Structure formats: C-alpha cells, structure tokens
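Notes for the structure review
The chain contents come next:
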Amino acid sequence: MGKKRGYKKNLIAVLTVGMMLTLSGCAKQASGPQYLQEEKSETEQELVIETEEAVEEPETEETEAVSESMEVPAERVKVNGMIQSYLTGEMVPVAQGNRRPLAIMMSNDKTALPQYGINRAGVVYEAPVEGNMNRYLAIMENYDDLTRIGSVRSCRTYYVYFAREFDAIYAHYGQSTFAKPYLSAIDNINGIDGIGETAYFRSKDRKAPHNAYASFAGIQKAISKLGYSQEYDSSYEGHFRFAPEGQPAVMNGADARPANKVTPGYPLNNPWFEYHPEDGLYYRYQYGGPHKGDEGQIAVKNIIIQYCSAGYYAKTEYRNINVHESSWGYFITNGQVEDITWKKDGEYGVTHYYDASGEEIVLNPGKTWICIATANDMKPAKIE
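Because the structure is predicted, anything quoted here is derived from the model rather than measured. (Residues numbered from 1 in each chain as written. Predicted model: local features only at pLDDT ≥ 70, side-chain atom pairs only at ≥ 80, totals over all residues. Heavy atoms only, no water.)

Here three strands make up an open sheet; going across it, the order is β8-β12-β11 and the pairing antiparallel. Since the sheet does not close on itself, it has two edges, and those belong to β8 (149–150) and β11 (200–202), each with one partner. Examined bridge by bridge, β8 and strand β12 (residues 212–214) share two bridges and lie antiparallel to one another. By the bridge assignment for β12, I149 is matched with A214. (Pairing = 2+ DSSP bridges. Helix = DSSP H or I, 4+ residues; strand = E, 2+ residues; numbered from the N terminus.)

Next comes the structure, spelled out in structure tokens:
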C-alpha cells in the first residue's frame, strides 16, 4: 500500500482573505456556562473565490468514579490480537484498530433513510447544512463486511476538519464550491472524480441524488488506486481520553446534573436521545420516532454538544461554521451532563473538551455522537 498523504497545511493562507461574515442570522450564542460569559470580537472567516463545478440537486426535506489521579494510558498495547480503538476506546482487532478509519458523508433526508452502515460508526458528527437539513460524518473502522454504505452526499468545509481530527480517509460525493480548495488538505475519495466509478455505485431503490452508496470493497480499491496509506500518521496520538475498563468515568463537579433526555435543538429532523440505564446507552430518535440505521436503532455511549459561531458565505445559503474559535457546550454520559468548553489544537489539530475545572474530559468507552450546534438557527439544547 502506498504512503501518499495529500495534506497541505498552509493551503488556507494563500486561498483566503480576511473578510467578515455576512451578518444576517449570525448572532452568537447568548447563553452558556458562567465561566464563558465573555465578549468576543467577530471572527474573521475565509472567503474562497472559486467556480463551482458540482451543483447539487435541491434537497427536500453507576458505578465507580475515575480517580483524579488515575492516568489514562497514552500508549496502546496489543493484547491477544486486540488493541484499543482510537474511535471508541474499546478493544478491537489489531487490523482494524491500526488502520486509518473511513470518514464518510451521509444524507439525513427522509427519502434517503435508513442510513446504511451508520450503526458501525464509532464517532458521528451531526452538523447543519442548507435548508435546515443536517448531514452526518460517520467515522468507522469496523466496515469490512459492508456492501452498502450511505447514501453518500457532498462535502462542506467543516467536515474536512472533522475528518482530519481522526487522520481518516474522507469519502464524499462532490462538494460545495467553498469546500473544494480544502480537499487537497486530506486524503479523499470524491464521487464526481474518475475514482468515483471505483468507490461508489447507484442503487435502483432510491432516486438521485440519494442513491449513491459505497462498499468496503469499492473503498479499498479506490484507496489502492489513489495510493493512500492506511497506516496512521506517525505523529497521530488519538483524539479522546477514555476511562479504563472497569472504571467508568462519572461526573463529580458541582455543575453535574441528570441527563435522561437530550434534545440538541435541530429544527427540521427534531432529534433527541433517551437514556436507558439498563445498558447505559443513549438511544436516538428523530422525525418523531426511533432513528434506525440498516442494523437497528442507533444508540451511543457519549454525546457532545459543541456550540460554534456561524454565518453564511456571502449571498449564498452555504453555512460557514467556525470550528476553530473556542466556545462551549455539553458533555453527556451515563445519565449525567456537565458544562464544557472546547479548544482546537491548531488548524488541522484535534479538538479538546474541558470541564469547568479546566481538566480534559474522560469519555466512557463506546460510541460518541457529536452535535455541532449553532445559536442563530437552532433552538437551545434541552437536557432533562
């Protein structure tokens, strides 16, 4: 397997100009943890001047606490052919755990449901796109037996950054004009390029643009043709900190409180999570009922709600979500929630999340769902 990596870390420096966000609908979040109530200056955003090459069709619609002195292992150790996953903190086969994950764009349009393969994702990012719709970036390492993944949709700028945080290979079917320049900063498999015929196929049970799917075999062929390495970069040290097996992380801070139902506030699909104490998981619902992938209802161990300032690229409906300027949010696990802050480690680095005391949060091993929230076009998150 080749060793190619298409990263160009200084790309934005030459492709962007300092320009203020279009102010319509760009108000920042007005509430949050008291320790974050500070006035911030408007952040300069990128304006990329580029000709669009792919025009999309419009879319329709408890336990022992982790000791403060406990050290979370920084180095993974192989045990009986298994190794700790960078995505979930669980023990997985070495071949999967040491292979760069797939980060694949998925539609959430009603006509595209169910999402195939989403139950396998160790981490899912949910973020707004145009028309109050959401799209998912499903990051997975356990997909070897999948013959249908998706439906696969197009890229937006901020998803490139999410995928880079996990040193993932990014799969998407086209892109907005504003996202295109950023794709050279990541190993990606683009459905509208020549490689698309290798990686993707069209199903007959859906209508375009909701019928483009990937498969493990197709993705692997595309990776081979493109010469991408499937080994993690030598500098990659993982994304999250996980509690050790048998010592679940619980929240002991003064702001910790019950979290049995979590409603992020997205206006169109109106999703929520319900906590099931019998297995310690949060089951997901949307569009008025259970949110099911092709392998059943989605359930996750950890939820992160990450507030970001946002606006629009001038004179368009394309959102420009700022995933770099530190802000606040919530961390939910094991029936509890606490206020957090977040800070990104450099332009293409990892986002770290901190509790009210300034300590980096420790996740419980399992799947994590990250809701990217914007204050100006979403209802406030509700946690009961």
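So, next bit.
Bringing the pairing of strand β24 (residues 327–333) into the picture now. Among the seven residues of β24, seven are classified as buried, and the element is accordingly described as predominantly covered. Neither face of β24 is open: one carries S327, G329, F331 and T333, the other W328, Y330 and I332, and all of them are buried. Bridge analysis of strand β21 (residues 302–308) against β24 gives five bridges, and the strand direction is antiparallel. The residue of β24 that forms the bridge with I304 is F331. Pairing analysis gives seven bridges linking β24 to strand β25 (residues 336–344), with the strands arranged antiparallel. Each bridged residue has a counterpart across the sheet, and for F331 the counterpart in β25 is E338. Hairpin connection between β24 and β25: a loop of two residues separates the two successive antiparallel strands, and N334 in this loop has a positive phi of roughly 50°. (Buried < 20%, exposed > 50% of the residue type's maximum accessible area, 1.4 Å probe, protein only.)

This part is about the environment of I370. Secondary-structure assignment places I370 in strand β27 (residues 368–374). Note: C-alpha distance between I370 and I305 (65 residues apart in sequence) is 5.9 Å. Those residues in contact with I370 that lie beyond four places of it in its chain are V123, V124, Y125, E126, F240, I304, Q306 and Y353. (Contact = heavy atoms within 4.5 Å.)

Inspection of the entire model under this criterion finds eleven salt bridges. The salt bridge involving R100 is made with D187; its shortest N-O contact spans 2.9 Å. In this pair, R100 sits in the loop between α2 (94–97) and β5 (102–106) while D187 sits in the loop between β9 (169–172) and β10 (188–190), placing the two residues 87 residues apart along the sequence. Judged on exposure class, the residue R100 and its partner D187 are both buried. For E165, the salt bridge identified is with K344, shortest N-O distance 3.2 Å. Separated by 179 residues along the polypeptide, E165 in the loop between α3 (157–164) and β9 and K344 in strand β25 bring together distant segments of the chain. K344 matches E165 in its accessibility class, with the two residues each being buried. (Salt bridge = Lys/Arg side-chain N within 4 Å of Asp/Glu carboxyl O.)

What follows is about helix α5 (residues 216–226). Within α5, burial applies to F216, G218, I219, Q220, A222 and I223. Contacts from the buried residues of α5 go to β5, β8, β9, β10, α4 (196–199) and β12. Looking one or two residues past α5, G227 carries a phi angle of roughly 75°, positive in sign.

Here the focus is the confidence of the model for the chain. Overall, the prediction assigns the chain a mean pLDDT of 84, with 80% of residues at 70 or greater. When the criterion is pLDDT under 50, residues 8–31 qualifies, and its contacts beyond four places in sequence or with other chains add up to 59 contacts. When the criterion is pLDDT under 50, residues 33–73 qualifies, and its contacts beyond four places in sequence or with other chains add up to 97 contacts. (pLDDT = per-residue confidence, 0-100.)

What follows covers a nonpolar patch on the surface. The grouping of V77, V79 and M91 at the surface amounts to a nonpolar patch, some 250 Å² of accessible area in total. Note on placement: V77 falls in the loop between β2 (45–46) and β3 (82–84). (Patch = residues over 30% accessible without salt bridge, like charges linked within 9 Å, V, L, I, M, F, W, Y side chains within 5 Å. Areas by Shrake-Rupley, 256 points an atom, 1.4 Å probe, with all protein chains shown as cover.)

Within the secondary structure, S154 is located in the loop between β8 and α3. The class of S154 is buried, set by a relative accessible area of 0%. In this structure the side chain of S154 is engaged in a polar contact, spanning 3.0 Å, whose partner is the side chain of R156. (Polar contact = N/O pair within 3.5 Å; in protein donor to acceptor, adjacent residues only side chain to side chain.)

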